[in-house]
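So the chains spell out like this:
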Number of protein chains: 2
Amino acid sequence: MAREIPYKIYLDESEIPTQWYNLRADMKNKPAPLLNPGTGKPLTAEEMSGIFCEELVKQELDNDTAYFDIPEEIREYYKTYRPSPVVRAYNLEKILDTPAHIYYKFEGNNTSGSHKLNSAIAQAYYAKKQGLKGVTTETGAGQWGTALSMACAYFGLDCKVYMVKVSYEQKPFRREVMRTYGADVTPSPSDKTSVGRKILAEFPGTTGSLGCAISEAVEDAVSHEGYRYVLGSVLNQVLLHQSVIGLETKTALDKYGVKPDIIIGCAGGGSNLGGLISAYMGQKLRGEADYRIIAVEPASCPSFTRGKFAYDFCDTGMICPLAKMYTLGSSFIPSANHAGGLRFHGMSTILSQLYHDGYMEAVAVEQTEVFKAAEQFARAEGILPAPESSHAIRAAMDEALKCKETGEAKNIVFGLTGTGYFDLKAYEQFNNGTMTDYIPTDEDLAAGLSRLPEVAG
Amino acid sequence: MAREIPYKIYLDESEIPTQWYNLRADMKNKPAPLLNPGTGKPLTAEEMSGIFCEELVKQELDNDTAYFDIPEEIREYYKTYRPSPVVRAYNLEKILDTPAHIYYKFEGNNTSGSHKLNSAIAQAYYAKKQGLKGVTTETGAGQWGTALSMACAYFGLDCKVYMVKVSYEQKPFRREVMRTYGADVTPSPSDKTSVGRKILAEFPGTTGSLGCAISEAVEDAVSHEGYRYVLGSVLNQVLLHQSVIGLETKTALDKYGVKPDIIIGCAGGGSNLGGLISAYMGQKLRGEADYRIIAVEPASCPSFTRGKFAYDFCDTGMICPLAKMYTLGSSFIPSANHAGGLRFHGMSTILSQLYHDGYMEAVAVEQTEVFKAAEQFARAEGILPAPESSHAIRAAMDEALKCKETGEAKNIVFGLTGTGYFDLKAYEQFNNGTMTDYIPTDEDLAAGLSRLPEVAG
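Just so it is clear, the model here is predicted, and its values are computed rather than measured.

(A) Molecular detail of the sheet that holds strand E1 (residues 8-9) of chain B. All names here are of chain B. The strand order across the open sheet formed by 7 strands is E1-E4-E5-E15-E10-E11-E14, and the pairing between neighbours is mixed. Each having just a single partner strand, E1 and strand E14 (361-365) make up the two edges of the open sheet. As paired strands, strand E4 (residues 86-88) and strand E5 (residues 101-106) are joined by 3 bridges and run antiparallel to one another. Counted as the bridge partner of Arg-88 is Tyr-103 from E5. Relative to E5, helix H11 (residues 236-255) is tilted by about 140 degrees, and along the sheet it contacts E1, E4, E5 and strand E15 (411-416).

(B) The environment of Thr-417 of chain A, seen in detail. All names here are of chain A. Along the polypeptide, Thr-417 turns up in the loop between strand E15 (411-416) and helix H17 (424-432). Along the primary structure Thr-417 and Ala-392 are separated by 25 residues, whereas in three dimensions their C-alpha atoms are 9.1 Å apart. If sequence neighbours within four positions are ignored, Thr-417 has contacts with Glu-107, Gly-108, Gly-113, Ser-114, His-115, Cys-266, Asn-272 and Ser-389.

(C) Spatial organisation of the pattern of salt bridges. All names here are of chain A. If you walk through the whole model with that rule in mind, you get 50 salt bridges over all chains. For Glu-248, the salt bridge goes to Arg-82, with nearest N and O atoms at 2.9 Å. Of this pair, Glu-248 sits in helix H11 (residues 236-255) while Arg-82 sits in the loop between helix H3 (72-81) and strand E4 (86-88), and the two are 166 residues apart along the sequence. When its relative accessible area of 0% is taken as the criterion, Glu-248 is described as buried. Taken together, the shared-partner salt bridges in this structure form one network comprising Arg-82, Lys-105, Glu-107 and Glu-248.

(D) Region of interest: the sheet that holds E4 of chain A. Residues and elements named next belong to chain A. Taken together, 7 strands build an open sheet; the order of strands is E1-E4-E5-E15-E10-E11-E14 and the sheet is mixed. Across the chains shown, the open sheet's two edge strands, defined by having one partner strand only, are strand E1 (8-9) and strand E14 (361-365). Across the sheet, H11 is in contact with E1, E4, strand E5 (101-106) and E15; its angle to E5 comes to roughly 140 degrees. Helix H12 (residues 271-285) contacts E5, strand E10 (262-266), strand E11 (292-298) and E15 of the sheet and is inclined by roughly 155 degrees relative to E10.

(E) Here's a closer look at the interface of chain A and chain B. Between chain A and chain B, the contact holds 42 residues from the first and 42 residues from the second. Buried area between chain A and chain B, summed over both chains or domains, comes out near 4,000 Å², and the portion from carbon and sulfur atoms is 55%. Sorting the residues of chain A by area buried against chain B places Phe-173, Thr-180 and Tyr-421 of chain A first, and these three jointly supply 18% of that buried surface. A salt bridge links Glu-428 of chain A to Arg-175 of chain B; its shortest N-O distance comes to 3.2 Å. At the boundary of chain A with chain B, the tally comes to 29 residue pairs in polar contact (both at pLDDT 80 or more). Taken together, the elements giving at least two residues each to the side of chain A that touches chain B come down to H3, helix H6 (143-155), helix H8 (172-180), helix H15 (367-381) and H17 of chain A. Taken together, the residues of the side of chain A that touches chain B break down into 20 nonpolar, 10 polar and 12 charged.

(F) Looking closely at the pairing of strand E13 (residues 322-327) of chain B. Residue and element names in this part refer to chain B. The element E13 is largely enclosed, with a buried count of 6 among its 6 residues. The sheet contact formed by strand E12 (residues 308-313) and E13 spans 6 bridges and is antiparallel. Residue pairing for E13: Tyr-311 is matched across the bridge by Lys-324.

(G) Spatial organisation of the relation of the copies chain A and chain B. With an RMSD of 0.0 Å, chain A superimposes on chain B once it is rotated by 180 degrees and translated 0.0 Å along the axis. Here the symmetry operator amounts to a two-fold rotation axis. Among all residues of chain A, the one whose C-alpha sits closest to the rotation axis is Asn-109 of chain A, at a distance of 3.1 Å. Most of the interface of chain A is mirrored in chain B, where 100% of its interface residues again form contacts.

(H) View of the side chain of Arg-175 of chain A. Its place among the elements puts Arg-175 of chain A in helix H8. In this structure Arg-175 of chain A comes out as buried when scored by relative accessible area, which is 16%.

(I) Inspection of the packing of aromatic side chains at higher detail. Going through the model one piece at a time under the given rule, you end up with 43 aromatic pairs over all chains. Measuring from centroid to centroid gives 5.4 Å for Tyr-21 of chain B and Tyr-67 of chain B, while their planes differ by 40 degrees, and the two rings are tilted. With Tyr-21 of chain B in strand E2 (residues 19-21) and Tyr-67 of chain B in strand E3 (residues 67-69), the pair connects residues that are 46 residues apart, well separated along the chain. Judged by relative accessible area, Tyr-21 of chain B falls into the buried class, the value being 3%. With centroids separated by 6.2 Å and ring planes inclined at 70 degrees, the aromatic side chains of Phe-377 of chain B and Phe-414 of chain B adopt a geometry described as edge-to-face. Separated by 37 residues along the polypeptide, Phe-377 of chain B in helix H15 (residues 367-381) and Phe-414 of chain B in strand E15 bring together distant segments of the chain. Taken together, the ring pairs in this structure connect Tyr-77, Tyr-78, Tyr-81, Tyr-125, Tyr-126, Tyr-154 and Phe-155 of chain A into an aromatic cluster. When the ring centre of Tyr-227 of chain A is taken as origin, the NZ or CZ atom of Lys-160 of chain A, which lies over that ring, is 4.5 Å away. Its guanidinium or amino end placed over the ring of Tyr-168 of chain B, Arg-175 of chain B lies 5.4 Å from that ring's centre, counting from NZ or CZ.

(J) Highlighting the packing of helix H5 (residues 117-129) of chain B against helix H6 (residues 143-155) of chain B. Residue and element names in this part refer to chain B. The contact between H5 and H6 brings their axes to 8 Å, and the two run at 40 degrees. Considering their axes alone, H5 and H6 lie oblique with respect to each other. At the point where H5 passes H6, the crossing takes the right-handed sense. Together, Leu-117, Ser-119, Ala-120, Ile-121, Gln-123, Ala-124, Tyr-125 and Lys-128 of H5 and Trp-144, Ala-147, Leu-148, Met-150, Ala-151, Cys-152, Tyr-154 and Phe-155 of H6 make up the contact between the two elements. Split by residue class, the contact of H5 with H6 holds 13 nonpolar, 2 polar and 1 charged.

Rules behind the numbers
- Residues numbered from 1 in each chain as written.
- Chains lettered and ligands numbered in written order.
- Predicted model: local features only at pLDDT ≥ 70, side-chain atom pairs only at ≥ 80, totals over all residues.
- Heavy atoms only, no water.
- Pairing = 2+ DSSP bridges.
- Helix = DSSP H or I, 4+ residues; strand = E, 2+ residues; numbered from the N terminus.
- Contact = heavy atoms within 4.5 Å.
- Axes fitted to C-alpha atoms, helices over the stretch in contact; angles between N-to-C directions.
- Salt bridge = Lys/Arg side-chain N within 4 Å of Asp/Glu carboxyl O.
- Buried < 20%, exposed > 50% of the residue type's maximum accessible area, 1.4 Å probe, protein only.
- Buried area = accessible area lost by both parts, 1.4 Å probe.
- Polar contact = N/O pair within 3.5 Å; in protein donor to acceptor, adjacent residues only side chain to side chain.
- Nonpolar A, V, L, I, M, F, W, Y, C, P; charged D, E, K, R; others polar.
- Least-squares fit on C-alpha atoms with pLDDT ≥ 70 in both.
- Phe/Tyr/Trp six-rings, centres within 6.5 Å; stacked < 30°, edge-to-face > 60°.
- Lys NZ or Arg CZ within 6 Å of the ring centre and 35° of its normal.
- Parallel < 35°, antiparallel > 145°, perpendicular 65-115°, else oblique.
- Left-handed = near helix turned anticlockwise from the far one by under 90°.

What follows is the structure, encoded as structure tokens:
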């Protein structure tokens, strides 16, 4: 008999995972390798190590090892903000009048405001261990940049952040958080890099994109001694680090005998979703259990639902490796949608392969509907959610409302990746009734997809 | 033998206090009663009930009952964000290289960003129970207004907030959080009330003060049917509700056999400090144990350290009752110091009496030193602290550094009342090196103190 479930299930700090779980080990169809854009051949460890830290390259390329030990230094830092709670959304259930049981894993109780810190601290640790001076990166909504700034401050590393211009302008306060942690923040595209200058010349007045900021950060890293580039999403290594989310979620729910029927996460590059589903998807891949798993993306940037499964550049500047993924084309620059973290044209190769193989579903939701859900959630549950996370809230509420019709008491688990404290410009638009939706036309998408690189795969 | 102490001590939700503790019951010298400004006589329950909710009036006037049951509806809401953790500041200790053991009770893990929610939910509950339409209030930094907006949204009450103009302008995003929770927010002084119009005429261009916003909110409440005024600090009832902070702190530390040597809290109106020290001060008053207790205030608004213990108006408009407290004079309008929540000219009557009777100490600290401590704390502990809370951090670090000199391993406990996510304008000034300090001259203070009302007491 399951014990009565509290509002918040907190694990003990000793229950923080001691190992990360590598989904790839259980995948029959492994994610396709990254390709060198020059040769069209799989990227070697040697080639990657000019861009990434050595230990991270190993993690990136390893499709077989199921568990990686989490270094003690990283676990110590995890203890300062983890384990994060699994919350039973009793108040939301009441307001929706649904028989469904709704749970969310809340990753926002730290100053970065999101789950991004889980990988930032790992990547900073390996950079430090390798004796580097610093790291460069891009950030969209600013969560990743903030997380990396915090991690670099902790380990005493230099931190250079290229921030998507639209977010830099909409979220000036994020910049100050990063600066408080000692980071150097540049709006992207910038004139600091040749790729930035080229993009500015071609698209003057562009509000930027993650893909474009990535190009700049990579160029900055490879052209400075003692620096490497780090990325907050998409990569296999990031999903590996983020597996702590899912491992903790399962440990917490198992204690109360709760088996999810549906697991829902927002998906930009895939770091949250890949982390959230890790333990459950592992069971599904091994045939031990079955779950409905739903990726939620913005209708304005619908990689899964309207993109193509093909090799493409991870960045707009076309200097990064090619990844086989669901993509809208690396030249696709989404509208100035407020969910900055979901404005990426591509998707994790792991999640792309799983989606392609039918292990998960995907839905696209519109911005105003997302904010309606966010407002309802905030009033019921107290937490003001990030726009990104609110995509998952929208989908979870929709599933809970279906349960109301059918009378089913399903267990719905979603990832509340972060808080919206730096997204108040978007909330202001919503509160003023001036928020709009944007759905790209087929022609918009065709333009982006027509420029995919030609690669066998 | 004490167990090894984790980074975060989380209590179980069953360990949330079931009763609030009323410090007054153990005070030999009770706090002086509020006086009717017209008659100069102690305010009766009947007189107060035009302004405050009935149940809250009872709590306000009761100097004898030591414990009040927390209604189940309030405890249910507490479960959504409490118990809050007591954190061992291992990383800060390391950076300071101090033998001291530093602990902080962190009240910032909720969307109001502070401890204010503890009393907001209680006051909204009693308003709802009384069948009111809504409540009015003032807010300084915005934490209280946000907390009350959340509480009103939860219970379906109308919420009108008068926000100190300097904060309204420095923190536009706070306004949007409140609006997202359905509140009506007005910058104060405003032309919506006669007292606001009078202050605007007398001091055009004023940046406002808590005292002035209080006047407006009270006038608004008494001139509209079905409304009452609620206050986030200063009052006895608020300290009663905030006792959950101290009760939880003691429960958590007792589990690990930790007895504080020094307890430190920032003090604006006294809600946090009064709550934090509750259980320990109770022991001290009963002669069961001794602790050093330190109130920390900004040098720009030094009620304890440079004010006078006398009867004074709680508001600038001089329409509120008189309270016997440490005050700088109700006409004192502090400089646009960024620690908005500490910009009040007076102080809780309970804390004033305790300070007067020698049960606690007080120190005043300067803003730039406070932000230096805030930055160091953020980098070490990961949490970006509110400016208000950072006053306590400054004092705690100073005590820890003294321990480094003396080699004493003292237990220092301080209240981290909230996060600084809406204080980035202030951090920006600090990051840019343009932050200044302001210390009022003796003449500045004499002007405010010369206008104290003449009352026996």
